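If you want the building blocks of each chain, they are given just below.
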Protein chains: 2
Amino acid sequence: MAAGPLPVSPLAVPFPEMPPVPGVRLATGAAEIRYRGREDVMVMAFPQGTTVAGLFTRNRCPGAPVDWCRAALARGGGKARALVVNAGNANVFTGRAGRETCEATAQAMAELLGCRPREVFLASTGVIGERLPTGKLTGALPGLMPRLSEAAWPAAARAIMTTDTFPKGATRTARIGDATVTINGIAKGSGMIAPDMATMLCFAATDAKLPAAVLQRLLKRAVERSFNRITVDSDTSTSDTVLLFAAGTARHPRVPATGGAMLRDFARALDELLHDLALQVVRDGEGAQKLVRIAVTGAVSARSAQRIALAIANSPLVKTAIAGGDANWGRIVMAVGKAGEPADRDRLSVAVGGVWMARDGGVVPDYDETPVVEHMRGREVEITVDIGLGRGEATVWTCDLTHGYIDINGSYRS
Amino acid sequence: MAAGPLPVSPLAVPFPEMPPVPGVRLATGAAEIRYRGREDVMVMAFPQGTTVAGLFTRNRCPGAPVDWCRAALARGGGKARALVVNAGNANVFTGRAGRETCEATAQAMAELLGCRPREVFLASTGVIGERLPTGKLTGALPGLMPRLSEAAWPAAARAIMTTDTFPKGATRTARIGDATVTINGIAKGSGMIAPDMATMLCFAATDAKLPAAVLQRLLKRAVERSFNRITVDSDTSTSDTVLLFAAGTARHPRVPATGGAMLRDFARALDELLHDLALQVVRDGEGAQKLVRIAVTGAVSARSAQRIALAIANSPLVKTAIAGGDANWGRIVMAVGKAGEPADRDRLSVAVGGVWMARDGGVVPDYDETPVVEHMRGREVEITVDIGLGRGEATVWTCDLTHGYIDINGSYRS
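Here is what the cut-offs are and how they apply
Residues numbered from 1 in each chain as written. Chains lettered and ligands numbered in written order. Predicted model: local features only at pLDDT ≥ 70, side-chain atom pairs only at ≥ 80, totals over all residues. Heavy atoms only, no water. Least-squares fit on C-alpha atoms with pLDDT ≥ 70 in both. Helix = DSSP H or I, 4+ residues; strand = E, 2+ residues; numbered from the N terminus. Expected span 1.5 Å × (residues − 1). Buried < 20%, exposed > 50% of the residue type's maximum accessible area, 1.4 Å probe, protein only. Pairing = 2+ DSSP bridges. Axes fitted to C-alpha atoms, helices over the stretch in contact; angles between N-to-C directions. Contact = heavy atoms within 4.5 Å.

A.B. asks: So what about the relation of the copies chain A and chain B? Which residues, and what values?
C.D. replies: Each copy superposes on the other: chain A lies on chain B with an RMSD of 0.0 Å after a rotation of 180° and an axial shift of 0.0 Å. Such a turn and shift between the copies fits a two-fold axis. Residues of chain A ranked by C-alpha distance from the rotation axis are headed by A:H403, positioned 2.9 Å from it.

What follows is the structure, encoded as C-alpha cells:
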C-alpha cells in the first residue's frame, strides 16, 4: 500500500450512470480505520426475502470475513439482509481477534436492521496481519442507517477502494418473462490479482426474485468467464469475495428451482456485468500502462488453453517486454513451454495485433513489422497463440509490468 | 537483453582461482554472432574415455541444442570429446534451420578433433527466434584449436555471459580412495530463471574416472539440491543445460558401476560446487539488490515444503516488499496460502532475520522490530516459515524484484 495518492490509471474508464436497484439501499461513511479524510465503510441493506450467492478465494489462508461469509451462506440457506465492507484493514491473519470482530460487526448490524447475524455478510480489504479495531467499525454503523439510499452506488464504489485509482461500477438490464430487471455491480482490486479469483471484492445486486441455488449456479458460471480469466501479478489474495444479492422486488413470473430458459437473458446480462468489472480491475492493475488480451487457440482442451494463456499472462518477461513496447514472441514461446501443457514447438504460431510473426515453429520471413510496432505503442495489446494440436480455446486479460508496480509495492507500509 | 552494459550486481562475488582439470582444455573466441568487441564462443576438448552426464530444461519448447544434447547422450552412451557454446543467439524456435546449425556445428568440431559428431555437445544462449548464422560459428572453430589450454577457465566463464554482470565459476577437490580429484564449473544466467531448472547453462568437468551412469546419478542429485532450489522470475528458459564431464585422467581405484561409499566425498564436493554456482546465478538475478533465503519447515512433506517455498520466492508482492526493505509478513502468509499445499492459517509462524514476527496464526505482540528493520536493510535476507503441520523442510533462494529488472527486460531488443 503506497503512502501517497497514485495517479489515475491511463486505462481508466468513466463510472457509469447507475440506476437504482429497487429495494437495495446503500450508505457510506468514514470510520478512520486506516485512512484519514475519506470514506472507508460501506453498507448495503436488503429487503426481507433477499437471496444471496457467493464465491471466495481459494487461498488456503483466507481472512476472517471470508470464513464468516462461507459459514453464513451454508447455515443461512442463502438468505441475506445486509452487507458491511471496510477498506484499509483486511482482517486477515488476526486469529481469534479477527473472528470476534466479524461476530461483533454482524451482531451490531443485525440489531440495527432487526435481522439475524447470519443474514449479515462481511468483507474487508487492506493491510494483512493487523487487528481490525472493532469499535471503530461497529461504532460507525448507527450513523449510516438514516443515510441508506438507493442512489449511493457511486459513493459505495469509492468507499471500498484501496490502491485502486478509479472506482469500478457496471450496470445491465435483463428480461425475465415480460419484466425488465436491473443488475448493478461494484468492484475493487488492483494488485494481488490472480485466479482463483482475481484479488478483489465484487458486490452485485438485482431486483430479480431468484432461488438461492439458481443464483449460485449463475454466479459460478459468470465468475468462471470473468474474474477467473484475469491476472495482474499471479498473487492470489486472502480476501477475494464475490457476492450477488437478489432482492426479489421485481414483478416477473416465478422462476423454477431449475432456472432454465427463462433466465437465459439474465445469465447473459450477469456474465457481461462481471466481465465488465473484471476488465476494470485489470485496467487498474498496479502500474498498468497497457491492457493485454491473450487468446490461445488450438490447445488440446479449453482447460489446457486457459493454463497456457495464464502462463503467458503471468510471465514477468512477457509483461516487461510489453511494457517496453517489444513484440517479443520468443518470450511468448518460452511461456507456452513453461505451462507444462501439451505443446509442439514446431506447430506453434504467434500473432501480435493480428499480424502472424511466427508460424509452425519458425519466424514468418519478411512479416510486416510496421503495424506490429504501431500496435505495441497503443494502450491495448492483443496476443494470439495457436498451439496447432486441437480445438481448445481460452482468452485471458492482464496488464503490463512496469516501474509503477515496483513503486506501489516496494514502498514501506505507512 | 539490454542495449548497454549493465552495472555489476552489488551481490557479485569474486571469480575464484581455478586450478586446471588435467586433460580438459578450453578456448574462447569472437564469432560476432550478436555481440561486438567481446568473445562469444567457448569450446572445451576432452581426452578419449571422457564420460558425460546432462540435465536439461523441462520447458516444452526447448532449443535445438537441447534436443541435440539429449539425442547425443542417448545414442552415444555417455561418451564425450567436445563442447561448443555460443552466447548472443539461443537457436530456439528456429525450426529446421536450427537443427541444421547443430548438425553442422557438431560435424565441424568432430572433424577438427577426429571424433564422432555425437561426441560433441552443444549449448546456445541469447535471443530466441532468430536464426543462428551457422557459418560464423563453424568458421570460428578452426582458429580456436591451437589456443586450447587447461588454464582458460576464467575466459570461458566470460565468453558464455549474456545479461550476466559477472562471470561465475567454482572449484572443489574431493578424495576418491587415496587420490585427490578436482571439479571445476562455470555457469551463466541472470533472468528467465526458475526450476526446473534455473535458466542457465552450467558446465562442469572433473579428472575423475566415472562410469556415465554413475555420473548421471550424481548430477541429478546435485542439481536437485542446487539449481532446482533457485528462482529469479519464475520464467523457465528454453535452453537450460547442465553438463558434467569426467575426463578420467586421475589415478584412483576403479569406481564400480554402482558408485557407492567410495564416491561419498565426490558427491559432497559436486553438491557444493553446483550449490555455489546456483547461488551465484541468483546473486546476478536481473536487477537483484538482495539475496533472499527462504526456509520452510513443518510442512506435510519435503515436496510440499519446496512448493510453498517457491510460491513465496516467486511472489511479485513478496519480492517487491523485500526490495522496499519491508518485512511484510502478511504477503508471505498470502503466498503460503496460494501455493495450494496443506496449510492451516492458525498454525503458521513467520520469522524474518531470525525474529518471529508471527506465531500460530497471529502477530507476536510487541516483537522487537529494530533488528528486523536492520536485517531488511542488509544485502542478505532470511525468511523462515513454519507451517506447523509436519516435518517437511525445504530451502530455496531468490532475489528481490526491483526497478532494475524492469529496466533490463522492458527495453527494446537491439
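A.B. asks: How would you explain helix 6 (residues 264-283) of chain A if you had to name every residue and give the values?
C.D. replies: With 20 residues, helix 6 of chain A extends 29 Å between its outermost C-alpha atoms, agreeing within 8% with the 28 Å of an ideal straight helix rising 1.5 Å per residue. Counting buried residues along helix 6 of chain A, 14 of its 20 residues qualify, which places the element largely inside the surrounding structure.

A.B. asks: Describe the pairing of strand 7 (residues 179-188) of chain B, and please don't skip the residues or the numbers.
C.D. replies: The two faces of a sheet get side chains in turn, since along a regular strand they alternate between them. Residues and elements named next belong to chain B. Burial of strand 7 is extensive: 9 of the 10 residues sit out of reach of the surface. Summarising the sheet, strand 6 (residues 168-176) and strand 7 pair through 9 bridges and their orientation is antiparallel. Across the sheet, the residue bridging to R175 is T180, located in strand 7. In this antiparallel pair of consecutive strands, strand 6 and strand 7, the connection spans 2 residues, and G177 shows a positive phi of 60°. Of the pairings in the sheet, the one linking strand 7 to strand 8 (residues 201-206) comprises 6 bridges and is antiparallel in character. Across the sheet, residue K188 finds its bridge partner in strand 8, namely L201.

A.B. asks: Provide a residue-level description of the sheet that holds strand 5 (residues 120-127) of chain B, including the pertinent values.
C.D. replies: All names here are of chain B. Read across the open sheet, the 4 strands follow the order 1-2-4-5; overall the sheet is mixed. Unpaired on one side and paired on the other, strand 1 (25-29) and strand 5 mark the two borders of the sheet. Pairs of neighbouring strands in the sheet enclose a mean axial angle of 10°, with direction left out of account. As defined by bridge partners, strand 2 (residues 41-45) adjoins strand 4 (residues 82-89) across 5 bridges and the pair is classed as antiparallel. In the strand pairing of strand 4, M42 is matched with V85. On the sheet, helix 2 (residues 95-113) packs against strand 2, strand 4 and strand 5 and is oriented at approximately 135° with respect to strand 5. On top of the sheet, helix 3 (residues 134-144) reaches strand 1, strand 2 and strand 4; it is set at about 50° to strand 2, its chief contact.

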